[in-house]
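Read off the chains here:
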Amino acid sequence: MSWWKRWFKGSGNPSSDLQGERAVPEESSLDSRLEEVLRQVSDLLGENDDLVIRRFSLFGQREAALIYFSTLVEPDRVHRDILKPLMRVPAENEEVRLTEEDVLGEVLHFGKYQIADQLSDVVDEILKGSTAVWVDGFPSGILLETRNVEKRSVSEPQSERVLRGSREGFIEQLDANLSLLRYRLPNPNFTVKRLTIGTQTRSKVAYCYLQDVVQPALVREVEDRLQAIEIDGVLESGYLEQFIEDHHLSPFPQVANTERPDVAVSQLLEGRVIILVEGSPFVLMVPVVFAQFYQTLDDYSERFLIGSLIRLIRLLAILSSLFFPAIYVSLVSFHPELIPTDFAVAVAGGRAGVPFPAIAEVLFVEISMEILREASIRLPQQMGSAFSIIGILVVGQAAVAAGFASPITVVIVALTTIGSFAAPAYNISIAFRMLRFPILILSGIFGLYGVMVGAVMIANHMLSLRSFGVPYLTPISPENKRGWLDTLIRAPFWMLSKRPAFLHPLHRQRVGMIRRLKKARSNTLDPIKVGNERREPQDGI
């Protein structure tokens with residue numbers, strides 16, 4: 001149901017408190033009198049400088065009018081393709097039939113149009129960029145698709161750079177994003193469903209899936225959750241993410257997002273549903289598991305040995321960013337006997353002039369680093385990188401010289417920060433940065449025992465999470481041996497012959513029977529066999 005229809009219902013709709021003051025009854029139909037129609041539309045749309053009401057004479061016989069917003073359409077096209085044909089004066093002996101069907105079939109040539117007899121539908125389409133045509137005496141209006149909004153060109157995503165892969169990224173226009181998906185999926189089973197969310201913004205939302213792969217129950221669940229959202233405005237896809245996730249108080253994301261069309265298509269091929277929002281270049285993907293947040297397109301673009309090694313290094317860096325400072329504080333404060341003697345002497349010498357305990361020292365440097373990182377993000381791009389480097393060097397050196405921190409502490413926190421940058425997904429990086437502080441405090445109170453308690457609590461919490469019913473730690477728990485082939489490592493494609501079982505796809509097979517070339521059938525370009533003549537020693541060679 002469109003926003004206007006929900007608006008017209010008034011107090012009968014739970015969302016009526018979110019709506020504006022101007023309203024007409026939902027059953028309000030268009031009047032056949034032109035002046036009455038213009039009065040109703042003008043009262044409903046209000047006084048706007050970009051609202052154009054252009055009166056003209058249809059074929060020199062009847063009064064008519066165009067209504068559109070000049071900021072949402074291309075005025076030259078309206079004048080050339082709509083106004084000029086309708087104002088044409090027919091020849092003396094030319095017969096002209098004045099009906100909606102005749103005007104659309106013989107005069108106007110638009111692929112997308114509709115005939116509307118409800119005022120709510122007409123106003124809704126005008127606000128979306130359509131041009132409305134009214135003719136005095138017609139029982140309904142003609143709506144023509146003339147939307148033309150400025151948009152940026154398709155460029156490389158800024159948040160998901162890859163070494164080997166496409167350089168195209170989603171933009172803010174919904175139709176352009178859908179075209180990027182259609183371009184990569186010329187498949188009749190690729191299905192797009194649209195709806196409108198937001199009582200004030202009336203944002204266009206689309207959810208997409210492969211009909212012959214996805215589980216129908218997942219599609220129904222996504223649709224139900226989206227239709228249940230009642231909010232005045234949706235300005236970014238993150239608004240929807242917070243409504244449709246299962247566990248709102250968890251620091252871990254349960255909905256993945258991407259700016260890359262190729263990543264979105266790969267998720268569709270596995271049996272997931274993706275959600276697009278008008279005005280946002282980020283596409284949501286559901287359901288998700290934890291393993292998705294440390295996987296990148298490079299893992300699959302490169303050969304499986306290289307991809308597996310890079311993935312393991314990335315996972316190690318992410319985990320070290322969570323536990324490295326806490327382990328350091330535990331060893332220095334509670335278990336110095338576990339540190340090699342030479343290294344323990346060096347650590348003690350570096351901390352000799354620091355008057356604070358190790359926990360306070362690390363917290364001070366960690367908080368300073370977080371402030372520098374946040375400040376560098378908000379600065380202009382030309383200044384951000386320079387500020388980060390200078391800030392870290394100057395502040396770190398000054399803190400060591402002033403006795404606020406030891407050199408080893410600065411090194412530990414720097415390595416931790418670098419490890420957090422290895423996370424491909426920003427939302428999972430934020431989650432680990434948030435959890436780093438409570439684990440650090442536990443280590444300062446209980447030592448390694450506190451670190452273990454914190455790790456167990458995080459693991460138990462992750463085991464309790466669900467994303468649209470899928471356990472968050474799948475395929476680790478519940479265990480799925482085939483799923484391990486694409487979790488810690490990335491197995492060869494010929495071993496990944498099945499789609500993920502936890503998505504319950506309608507067709508699991510994705511790699512054919514001829515999976516790999518076990519051995520070359522013949523050495524096609526062997527120099528002994530192709531194009532060369534073999535000489536014997538008796539030939540003098």
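Residues numbered from 1 in each chain as written. Predicted model: local features only at pLDDT ≥ 70, side-chain atom pairs only at ≥ 80, totals over all residues. Heavy atoms only, no water.

- The name given to the chain in an unreviewed UniProt entry is Spore germination protein, with the source organism recorded as Kroppenstedtia sanguinis.
- In UniProt, the chain has this text filed under Sequence similarities (unreviewed entry): "Belongs to the GerABKA family." (UniProt positions renumbered as here; feature names shortened; annotations may be inferred.)

**Section: the packing of aromatic side chains**
Okay, so step 1: Counting across every chain of the model gives ten aromatic pairs.
Okay, so step 2: With 6.3 Å between their ring centres and 50° between their planes, Phe290 and Tyr472 make a pair best called tilted. One end of the pair, Phe290, is in the loop between strand E10 (283-286) and helix H10 (298-301); the other, Tyr472, is in the segment after strand E12 (470-471), and 182 residues separate them in sequence.
Okay, so step 3: Accessibility expressed as a relative area gives 0% for Tyr472, which makes it buried.
Okay, so step 4: Each ring, one from Phe293 and one from Tyr472, has its centre 6.5 Å from the other, and the planes form 40°; the classification is tilted. Residue Phe293 is found in the loop between E10 and H10, and its partner Tyr472 is found in the segment after E12; the two are separated by 179 residues along the sequence. For the pair shown, Phe293 and Tyr472 are each scored as buried.
Okay, so step 5: Cation over ring: Arg225 sits above Phe468, and NZ or CZ is 4.0 Å from the ring centre. (Phe/Tyr/Trp six-rings, centres within 6.5 Å; stacked < 30°, edge-to-face > 60°. Helix = DSSP H or I, 4+ residues; strand = E, 2+ residues; numbered from the N terminus. Buried < 20%, exposed > 50% of the residue type's maximum accessible area, 1.4 Å probe, protein only. Lys NZ or Arg CZ within 6 Å of the ring centre and 35° of its normal.)

**Some words on the sheet that holds strand E6 (residues 190-197)**
Okay, so step 1: Taken in spatial order, the five strands line up as E6-E7-E9-E10-E8 in an open sheet, and their pairing is antiparallel. At either margin of the open sheet sits one strand with a lone partner, and together these are E6 and strand E8 (256-258). Between one strand axis and the next, the sheet turns through 25° on average, direction left out of account.
Okay, so step 2: In this sheet, strand E9 (residues 273-277) lies alongside strand E7 (residues 203-210) in antiparallel orientation, the contact comprising four bridges. Considered in E9, the bridge of Tyr207 is made with Ile275.
Okay, so step 3: Sheet strands in contact with helix H6 (residues 174-184) are E6, E7 and E9, and its direction is about 165° off that of E6. (Pairing = 2+ DSSP bridges. Axes fitted to C-alpha atoms, helices over the stretch in contact; angles between N-to-C directions. Contact = heavy atoms within 4.5 Å.)

**Quick notes on the UniProt feature "transmembrane region" (unreviewed entry) in the chain**
Okay, so step 1: As recorded in UniProt, the feature "transmembrane region" (unreviewed entry) lies at residues 273-291, 312-331, 386-405, 411-432 and 439-459.
Okay, so step 2: Secondary structure within residues 411-432 divides into 77% helix and 0% strand; the distance between the first and last C-alpha atoms comes to 19 Å.
Okay, so step 3: In residues 439-459, helix accounts for 95% and strand for 0%; the two terminal C-alpha atoms are 13 Å from one another.

**Topic: helix H2 (residues 34-45)**
Okay, so step 1: Look at H2: 16 Å from first C-alpha to last across twelve residues, which is about the 16 Å you get at 1.5 Å a residue.
Okay, so step 2: Within H2 the residues assigned to the buried category are Leu34, Glu36, Val37, Leu38, Gln40, Val41, Leu44 and Leu45.
Okay, so step 3: At the C-terminal side of H2, Gly46 shows a positive phi close to 80°. (Expected span 1.5 Å × (residues − 1).)

**Structural notes on the environment of Ser406**
Okay, so step 1: You can see Ser406 is positioned in the loop between helix H14 (381-402) and helix H15 (407-420).
Okay, so step 2: C-alpha separation for the pair Ser406 and Ala348, spaced 58 residues apart in sequence, amounts to 9.4 Å.
Okay, so step 3: Ser406 has contacts with Tyr328, Gly350, Arg351, Val354, Glu361 and Val400, leaving out every residue within four places of it along the chain.

**So, the pairing of E7**
Okay, so step 1: Taken across its eight residues, E7 has eight buried, putting it largely inside the fold.
Okay, so step 2: Going residue by residue along E7, you find Ser203, Val205, Tyr207 and Tyr209 tucked away on one face and Lys204, Ala206, Cys208 and Leu210 tucked away on the opposite face as well.
Okay, so step 3: Bridge count between E6 and E7: eight bridges; the pairing is antiparallel. Pairing of Ile197 across the sheet is with Ser203, part of E7.

**Quick look at the sheet that holds strand E3 (residues 113-116)**
Okay, so step 1: Pairing in this open sheet of five strands is antiparallel, and the strands run E1-E2-E4-E5-E3 from one edge to the other. At either end of the open sheet lies a strand with only one pairing partner, and these are strand E1 (51-58) and E3. Within the sheet, the average angular offset between the axes of one strand and its neighbour, ignoring direction, is 20°.
Okay, so step 2: Where E3 meets strand E5 (residues 141-145), four bridges bridge the pair, whose relative direction is antiparallel. Bridged to Gln114 within E5 is Leu143.

**Digging into the confidence of the model for the chain**
Okay, so step 1: For the chain, per-residue confidence averages 83 on the pLDDT scale, and residues scoring 70 or more make up 83% of the total.
Okay, so step 2: Helix H1 (residues 3-9) is the least confidently modelled element of the chain, averaging 46 in pLDDT, while E9 averages 96, the highest of any element.
Okay, so step 3: Here residues 1-16 scores under 50 on pLDDT; set against residues more than four positions off or in separate chains, the count is 38 contacts. (pLDDT = per-residue confidence, 0-100.)

**A look at the nonpolar core**
The nonpolar side chains of a soluble globular protein tend to be buried, and buried together.
Okay, so step 1: The biggest cluster of nonpolar side chains holds 62 residues, and the ones touching the most others in it are Leu181, Phe252, Ile274, Leu276, Phe290, Ile428 and Tyr472.
Okay, so step 2: Ranked by residue count, the leading element in this core is helix H11 (residues 304-333), at eight residues.
Okay, so step 3: Among all residues touching Leu181, those that are not within four sequence positions of it are Phe170, Phe190, Cys208, Pro261, Ala264, Val265, Ile274 and Leu276.
Okay, so step 4: Counting 22 residues, the second-largest nonpolar core is a separate cluster that includes Val222, Ile229, Val255 and Val273. (Core = buried A, V, L, I, M, F, W, Y, C linked by side-chain atoms within 4.5 Å.)

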